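# Structural overview for review
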Amino acid sequence: MKRIVVLGAGESGAGAAVLAKKEGFDVFVSDMSDIKDKYKALLDSHGIAWEEGHHTEELILNADEVIKSPGIPTEAPMIQKIVQKGIHIISEIEFAGRYTDAKMVCITGSNGKTTTTSLIYHIFKSAGYDVGLAGNIGHSLALQVAESPHQWYIIELSSFQLDNMYDFHVNIAILLNITPDHLDRYEFKFENYAAAKMRIIQNQTAADSFIYWNDDPVIKGELTHYEPHATCYPFAEHRDEGAVGYIQDGQYVIDRPVPFTMPQSELSLTGKHNIYNSLAAGLAADIAGIAHEVIRKGLGDFPGVEHRLEKVCRVDGVQYVNDSKATNVDACWYALESMTTPTILILGGKDKGNDYTAIKDLVAQKCKALVYLGADNTKLHHFFDGMGIPVRDTHSMKDCVAACHELAEAGDTVLLSPCCASFDLFKNMEDRGEQFKALVRNL
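None of these values were measured; they are calculated from a predicted model. Numbering of residues begins from 1 in every chain and follows the order in which that chain's sequence is written. For this predicted model, a pLDDT threshold of at least 70 governs which residues receive local features, and a threshold of 80 or more governs which side-chain atom pairs are given and counted, while totals over whole chains, interfaces and linings are taken from all residues. Excluded from the side-chain calculation are hydrogens and water; included are all heavy atoms of the structure.

### Describing the overall build of the protein
Rule in force here: The helix count covers DSSP runs of H or I at least four residues long, the strand count covers runs of E at least two residues long, and both are numbered beginning at the N terminus. The quantity called the radius of gyration is restricted to C-alpha atoms. Its globule counterpart is 2.2 Å times the number of residues to the power 0.38. Here the term buried applies to any residue with accessible area under 20% of the maximum for its type, exposed to any over 50%, and partly exposed to those in between, with areas from a 1.4 Å probe on protein chains only. Note on contacts: a residue pair is in contact if any heavy atoms of the two residues lie within 4.5 Å. The protein chains shown are the only cover counted for residues, whose accessible areas, like all others here, come from Shrake-Rupley with a 1.4 Å probe. Only four residue types enter the tally: Lys and Arg on the positive side, Asp and Glu on the negative side; His and the chain ends are excluded. Note on charges: their place is set at NZ of Lys, CZ of Arg, CG of Asp or CD of Glu.
From N to C terminus, the protein includes 17 helices and 20 strands. Its C-alpha atoms give the protein a radius of gyration of 22 Å, near enough to 22 Å, the size a compact globule of 443 residues would have. In terms of overall dimensions, the protein has a C-alpha envelope of 65 × 50 × 40 Å along the principal axes. Within the protein, the fraction of its 443 residues that count as buried is 56%. Pairs at least 24 apart in sequence give 65% of the contacts found in the protein among residues at least 6 apart. Within the structure as shown, the protein displays about 18100 Å² of accessible surface, and the carbon and sulfur contribution to it stands at 50%. Distance between charge centroids for the protein: 2 Å, based on 40 positive and 60 negative side chains.

Rendered as structure tokens:
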């Protein structure tokens, strides 16, 4: 009996362990942190051995294969020991793909992944397709394959997941954009991060589809090194050479595979960045054969994604917006670009090698004040303090919201769009957004 060791017992790890057990492997799960009670219960119900708070080397280094949580960096001591022993490391997505013939619609990119993935899932569900939501959102792909299999899966993929995917086959691949992010995990080399994103097309054939943003200079550069085998469906904000999805004269247009148009004004998502998300989603649905009236309805009634430009409430004439999912500079750029009122911007968190130059002009144009929120705001002070915009330094969400409330006047917008990861002060970006919303609603 082959032995599978799963490192990390979150959503992906616990699901991978259940699938491995079902497929007849000897399974062991190890997590350096505490395992949530619901995952302990899941593992126990399947008779899977686990440990928390430490890694026992002799129970891990005897594995035939290791399934690694995407959150564990390659530099982690246990990962280095596994590599030195020559044990193959894969992701949960890679493992799950071995045990299903379902069609895979996979979405990656530095920004817009969650919105686009959720929108595609919304359209497929509306069309009556047997579809599951997986990857960075939804439930574990492996657990769904093991216990509630579907004919289609819509999967949000991070670069970390793609790093440990080798044979996984993507039927419809979507690459939204490539901008600097997570460089701390890629030796601070942008080219390494970009190469990880391109892995989404590595096993595609002529029967598959590749949807990508035609105006992204990094994608264009990468495509000089990679020759996609799939049929390509580039999209752009405006009609240009090669684009098959675009906006023209106020119309949302898809030229192929089956021509489709609708008024841009009917799209539920607004802002430049959401044009790209809506075009990518419409192309995926069109390729999958979904009726155009269903696509039109889905693009028009999608409710949006929590923590992404989420309007929380209006207090004393001030609109508070939760964009906690903006964990990199480019995401914050899109948020600022969509602002139409004087803005108080909340920035800060765990810096990932950020260069804030990209948002400097927009900060100057749109922001009346900056509120820093982080354990260490030194880098923010060095970059922004010289711009002549009022700034406040805070180290808790309570103090941050209080500072924003004091600075804001009727007609302003307070925007939480931090540019950074949340792990210095919060459990995750959801925790950051939830705390923001709770405190704002109590003002």
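Read on for the rest.
### So, the environment of Asp-37
Position of Asp-37 relative to the elements: it lies in helix α2 (residues 37-45). It is 45 Å that separates the C-alpha atoms of Asp-37 and Pro-217, two residues lying 180 residues apart in sequence.

### A short note on α2
Put simply, the rule is: What the arc covers is the set of directions going from the helix axis to the C-beta atoms.
Here α2 has its buried residues at Tyr-39, Lys-40, Leu-42 and Leu-43. One side of α2 holds all its buried residues, which, seen down the axis, span an arc of 160 degrees. Facing away from the buried side of α2, by more than 90 degrees, are the exposed residues Asp-37, Lys-38 and Ser-45. Turning to α2, the residues buried within the fold contact α1 (11-22), β2 (26-31), β3 (49-52) and α7 (141-147).

### Comments concerning the packing of helix α11 (residues 272-287) against helix α12 (residues 292-301)
This is how it is decided: To define axes, lines are fitted to C-alpha atoms, for helices over the stretch in contact only, and angles between the resulting N-to-C directions are given on a 0 to 180 degree scale. To sort the angles, those under 35 degrees are grouped as roughly parallel, those over 145 as roughly antiparallel, those from 65 to 115 as roughly perpendicular, and the leftovers as oblique. Each crossing is labelled by how the near helix is turned from the far one, with a counterclockwise turn of less than a right angle marking it left-handed and a clockwise turn marking it right-handed. Only Asp, Glu, Lys and Arg are considered charged, only Ala, Val, Leu, Ile, Met, Phe, Trp, Tyr, Cys and Pro nonpolar, and every remaining residue, Gly among them, polar.
Running from N to C, α11 and α12 cross one another at 155 degrees; their axes reach a closest spacing of 10 Å. Considering the angle they form, α11 stands roughly antiparallel to α12. Two packed elements cross with a definite hand, and for α11 against α12 that hand is right-handed. Side by side, α11 and α12 meet where Ser-278, Gly-282, Ala-285 and Asp-286 of the first sit next to His-292, Ile-295 and Leu-299 of the second. Taken together, the residues of the contact of α11 with α12 break down into 3 nonpolar, 3 polar and 1 charged.

### So, the pattern of salt bridges
Rule in force here: Salt bridge, as applied in this entry: a Lys or Arg side-chain nitrogen positioned within 4 Å of an Asp or Glu carboxyl oxygen.
According to the stated counting rule, one finds 13 salt bridges in the structure shown. A salt bridge links Lys-40 to Glu-52, with the shortest nitrogen-to-oxygen separation between them at 2.9 Å. A residue pair is termed long-range when its members are at least 10 positions apart, and Lys-40 in helix α2 and Glu-52 in strand β3 qualify at 12 residues. Each of Glu-306, Glu-310, Glu-434 and Lys-437 takes part in a single network of salt bridges with overlapping partners.

### Comments concerning the sheet that holds strand β16 (residues 318-322)
The line we're drawing: For two strands to count as paired, DSSP must find a minimum of two bridges between them.
The strand order across the open sheet built from 6 strands is β15-β16-β20-β17-β18-β19, with neighbouring strands paired in mixed fashion. Looking at strand neighbours, the two that pair on one side only are β15 (310-315) and β19 (391-394), the edges of this open sheet. Averaged over all pairs of adjacent strands, the angle between strand axes in this sheet comes to 20 degrees, irrespective of strand direction. Judged from the 5 bridges that link them, β15 and β16 form a sheet pairing that is antiparallel. Across the sheet, the residue bridging to Cys-313 is Tyr-320, located in β16. The sheet contacts of helix α17 (residues 429-441) involve β15, β16, β17 (343-347) and β20 (413-416), and relative to β15 the element is tilted by about 20 degrees.

### Section: the pairing of strand β11 (residues 231-238)
Note the following rule: Handedness of a crossover is defined as follows: orient the strands so they point away from the viewer, and if the path from the first strand over the helix to the second runs clockwise, the crossover is right-handed.
Alignment of strand β10 (residues 209-213) against β11, held across 5 bridges, turns out to be parallel. Considered in β11, the bridge of Trp-213 is made with Phe-235. After leaving β10, the chain enters helix α10 (residues 217-222) and then returns to the sheet as β11, a path that is right-handed.

### Remarks on the sheet that holds β10
With mixed pairing, 9 strands are arranged side by side in an open sheet as β7-β8-β6-β9-β10-β11-β12-β13-β14. Across the chains shown, the open sheet's two edge strands, defined by having one partner strand only, are β7 (131-135) and β14 (260-263). With direction set aside, neighbouring strand axes in the sheet form an average angle of 20 degrees. As defined by bridge partners, strand β9 (residues 172-175) adjoins β10 across 4 bridges and the pair is classed as parallel. Residue pairing in the sheet places Ile-174 in a bridge with Ile-211 of β10. Contacts from helix α6 (residues 113-126) reach β6 (103-108), β7, β8 (152-156) and β9 within the one sheet, and its direction differs from that of β8 by about 165 degrees. Those strands touched by α12 are β13 (251-254) and β14, and its axis lies near 35 degrees from that of β14.

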